Amino acid sequence: MNWKYLKQSVNKNRLFFKILLYFFSLLIPIVIIGVIAYFNADQLIKRDVSEKLKDNLIASSKTIDIYLGMAQATNNNLLLSDTIQQNLRPYPLLTDEEKIKMPSIVRSIAGNRNTISHFVDNIFLFIDDKRVYLSDGIVDFDVFFDKFYEFDGYDKDFWRQRLSQSSLFELLRPTNVVNANMNSNREVIPSITTQYLNGHLATMVTTISIPTIMTTLQNNSIFSTTKYVVLDKNNQTILQSSGLDKKVLNQIAVSYPANKHSEDAAIQIGQEQSWIAQTTSDYGWKYVSITPVGSFNQESSNIFSLIIWICISLIIISIAFSFIFSVRLYNPIKNIRDILQKNEKVEQWSGETNRSGELQKIGDSINQLVQQHMDANIKINTYSEEILEQFFKNLIKSFRVGQANAVHQVLSKLDFHSGSYLCCCFMFIFKDKFYHDILEADRLLILEKMKNVLSGIMKKYVNCYLLEYEPYLYVCVVNLKNEEDRRKLDQSLEMIKLTFAYDMTYCELIIGLGKKYEKIDDFSKSYSDAITAIDKRTDSSKMAILDATDLVIDQNYYYSFLEQNKIVNGLKSGDMDALKMEVEEIIGLNKTRGVSYHYLGALLVELFHTGNRYLKEKRLNVYDFLEADEYASLDDKELLPNEFDGRLQMIFEFYEKIITETLDKPESKSGVVVSLITAYIEKHYEKDLYLEVIANEIGLSAKYVSRMFKDATGTNISDYISLVRIAKAKELLAHSDLKISDISNQIGIFSRTTFLRLFKKYEGVSPNEYRNAHGFKQK
């Protein structure tokens, strides 16, 4: 009886036992891995450790090669730098004027030393046996090598002889340097580069700190017991770890001869076996690491024991979790099956189960639910986020937002069907610190999440909808159903202040509140009120809430026909100062009357149109005065906070261009401007001269000056400046004995290379060739 009941239970819950067996099958890889680990763990671990020892040694050698490469690059860069090339000569050959420039060599050495100071002990340069140039100053040759920097292995005569033989880059044998004044003794490796400069051999020396090299090797070591030996191309010891005697060094030299590749291996050193890893660097140095094998045998044993215990633990845990997961996976399936059985005959269900299984039957039912969900999503997408965004943007701009029925549906969807409406604007002003201290990817993520943060806080307190109207300007449509909602709005703003309090290091947050309006169609007025409140801000704190409720705001601007005539008369008279006063008086009058910020933007558009109409009367094309993007900006009534002054300045520049073009005949006006430009270049060609400087001096925009000069002369201003400078250079070459570099500086070209290139471009010959052909030869 019991057996029959068990058999029926198994048949009924066959899926459960299948799931349980599937989980048990996952134990097989654990057993296999344990067996493999049991036989191979020790060998694999030792191989891994030996590879790591070799990799660490290679990494250390490459790091040291980088040090040597940087020393070589420093030597070459210093010798090839303009400062060294132009100023370094034997001391007896220097004139008084050239001796004054000697500190520039010291500064050049100091600047290069700063970049490699962590591994370089000293950098010095000499071209004769009189003076040595280093980063701290200029020292007498004998004093430097006798007191300041005495080499144990290289005397003064050695360094004098270096001036008679050139070498690209040479590493000397290690030696000690002694500073008698500071009572210090340091181990260094000198690197030497000797090249010809101005007809004389100059020697550049960089001394590399041996302790720094040893520290680099030790820092990359896996085991504290590892010791290191560095050999040169002749198997001579460059440096070694403490505790290695000569017997060990000789054994290593015999086992790893110079100029031959040897495999890493374990050898017997003294009473213990050690693993020897070796590699050769690009500079010919051989690096050898010596690690006692006992240092990583204990690690192998520990890891082996850990693997065994991990396998046992995994097996026990897997068995327990197999039962738990099988029950938890099967119960939901069983419940779904039981629910479906209530709507079908048991025989039909059993038959289908035998043919296709319980999961397929359940899958068919779930597919029906998924289809229903998709149909519901299609209906919901009718009111998508993009449609709502455009709907409220149209409200802000006072555009018609569609038929009344469609508007009612949108508002009902948001529960905006009763009460009053109020605009709340959030304007973020980001500081330079935000762009300098925060990575670009993080900045984009912050800006992307900003809307969600604001919207999430606001919706916790009031019924609202928030959109990003412009970059860094968020507009929130708030539906206030009663006075309690107004109090909750204040709570939400206080919560926003608390949320962003710690971010005020990087930005300012200005919150503007508009007045309440009963109709949604008047929301544009509330937006205008909020922007006006922000514009009238007097609070200088980093976070301010500005309410327009108590402000007197006029939703219209004042610009009469008489005031238009004043602007036109100002354009005709050409008195720009008087014209600015008229415009500022008109704007001041509107601000005094409390005109909203939105209508101040509309007033600026009217001021622009007045100038445009004046141009049409003169039969001139406005696009000869403005670029297309400038025209679009001036013709846009939408004005964001803090944009008013910039838009007004654009109008003043537009008026100034009109006066410049229409006050006189175009031909004579162009001639006057070109004359002013050429006269200014002739007078100031020796200075750092460019288009913006000239435009600023004659009081016109850079674009206008560049276009007028190009149209009148057919030449760019920069080319004309170069022609004037080359003409002056030709006079100096033909009638003076000044050096080429001095002539270049006198005519305003402060780079000798640039001067040579420009002279060759315009004259077809070099300055020296021109001087030789026109009489005066440089001594």
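Residues numbered from 1 in each chain as written. Predicted model: local features only at pLDDT ≥ 70, side-chain atom pairs only at ≥ 80, totals over all residues. Heavy atoms only, no water.

**Digging into the packing of helix H22 (residues 597-617) against helix H24 (residues 644-662)**
Logical step 1: Interaxial distance between H22 and H24 falls to 11 Å at its minimum, and their mutual angle equals 10°. The pairing of H22 with H24 is recorded here as roughly parallel in orientation. Counted together, Tyr597, Leu600, Leu604, Leu607, Phe608, Gly611, Asn612, Tyr614 and Leu615 of H22 and Phe644, Arg647, Leu648, Ile651, Phe654, Tyr655, Ile658 and Thr662 of H24 form the full contact between these two elements.
Logical step 2: Partitioned by chemical class, the residues of the contact of H22 with H24 number 13 nonpolar, 3 polar and 1 charged. (Axes fitted to C-alpha atoms, helices over the stretch in contact; angles between N-to-C directions. Helix = DSSP H or I, 4+ residues; strand = E, 2+ residues; numbered from the N terminus. Parallel < 35°, antiparallel > 145°, perpendicular 65-115°, else oblique. Contact = heavy atoms within 4.5 Å. Nonpolar A, V, L, I, M, F, W, Y, C, P; charged D, E, K, R; others polar.)

**A short note on the environment of Asn772**
Logical step 1: Mapped onto the elements of the fold, Asn772 is located in helix H31 (residues 767-773).
Logical step 2: Counting along the chain gives 39 residues from Asn772 to Leu733, while the straight-line C-alpha distance between them is 9.1 Å.

**Side note on the pairing of strand E16 (residues 473-480)**
Logical step 1: The buried count for E16 comes to 8 of 8 residues, which makes it a mostly enclosed element.
Logical step 2: Burial along E16 is two-sided: Leu473, Val475, Val477 and Asn479 and Tyr474, Cys476, Val478 and Leu480, pointing in opposite directions, are all buried.
Logical step 3: Of the strand pairs in this sheet, strand E14 (residues 420-430) and E16 are connected by 8 bridges, and their pairing is antiparallel. Bridge assignment links Met427 to a residue of E16, and that residue is Leu473.
Logical step 4: Bridge analysis of strand E15 (residues 463-470) against E16 gives 7 bridges, and the strand direction is antiparallel. Paired with Glu470 across the two strands is Leu473, which belongs to E16.
Logical step 5: Connecting E15 to the next strand, E16, in antiparallel fashion are 2 residues, including Tyr472 with a positive phi near 70°. (Buried < 20%, exposed > 50% of the residue type's maximum accessible area, 1.4 Å probe, protein only. Pairing = 2+ DSSP bridges.)

**Notes on a nonpolar patch on the surface**
Logical step 1: Together, Ile28, Ile32 and Ile36 give the surface a local cluster of nonpolar side chains, amounting to about 280 Å² of exposed area.
Logical step 2: Structurally, Ile28 can be placed in helix H3 (residues 27-80). (Patch = residues over 30% accessible without salt bridge, like charges linked within 9 Å, V, L, I, M, F, W, Y side chains within 5 Å. Areas by Shrake-Rupley, 256 points an atom, 1.4 Å probe, with all protein chains shown as cover. Salt bridge = Lys/Arg side-chain N within 4 Å of Asp/Glu carboxyl O.)

**Side note on the nonpolar core**
Logical step 1: With 65 residues, the main nonpolar core has Phe392, Cys425, Val475, Tyr527, Leu607, Phe654 and Tyr655 as its most contacted residues.
Logical step 2: Membership of the second largest hydrophobic core comes to 36 residues, among which are Tyr67, Leu68, Ile105 and Tyr228. (Core = buried A, V, L, I, M, F, W, Y, C linked by side-chain atoms within 4.5 Å.)

**Quick look at a negative patch on the surface**
Logical step 1: On the surface, Glu468, Glu470, Asp635 and Asp636 cluster together into a negatively charged patch.
Logical step 2: Turning to its location among the elements, Glu470 is positioned in strand E15. (Lys, Arg positive; Asp, Glu negative; His and termini not counted. Charge placed at Lys NZ, Arg CZ, Asp CG, Glu CD.)

**Some details on helix H17 (residues 440-461)**
Logical step 1: Taking 1.5 Å per residue as the helical rise, H17 with its 22 residues ought to reach 32 Å, and the 33 Å between its terminal C-alpha atoms agrees with that figure.
Logical step 2: Along H17, the helix axis deviates most sharply at Lys449, where the bend reaches about 35°.
Logical step 3: At its buried positions, H17 is contacted by helix H14 (385-396), E14, helix H16 (432-437), E15, E16 and helix H18 (483-499). (Expected span 1.5 Å × (residues − 1). Bend = angle between axes of the 7 residues up to and from the residue.)

**With respect to the sheet that holds E14**
Logical step 1: Read across the sheet, 5 strands follow the order E15-E16-E14-E17-E18 without closing on themselves; strand pairing throughout is mixed. Each of the sheet's edge strands pairs with one partner strand only, and the pair in question is E15 and strand E18 (543-547). Direction aside, neighbouring strands of the sheet carry axes that sit 20° apart on average.
Logical step 2: Pairing of E14 with strand E17 (residues 507-513), which is carried by 7 bridges, proceeds in the antiparallel orientation. For Phe430, the partnering residue across the bridge sits in E17 and is Cys507.
Logical step 3: Along the sheet, H17 makes contact with E14, E15 and E16, crossing E15 at roughly 155°.

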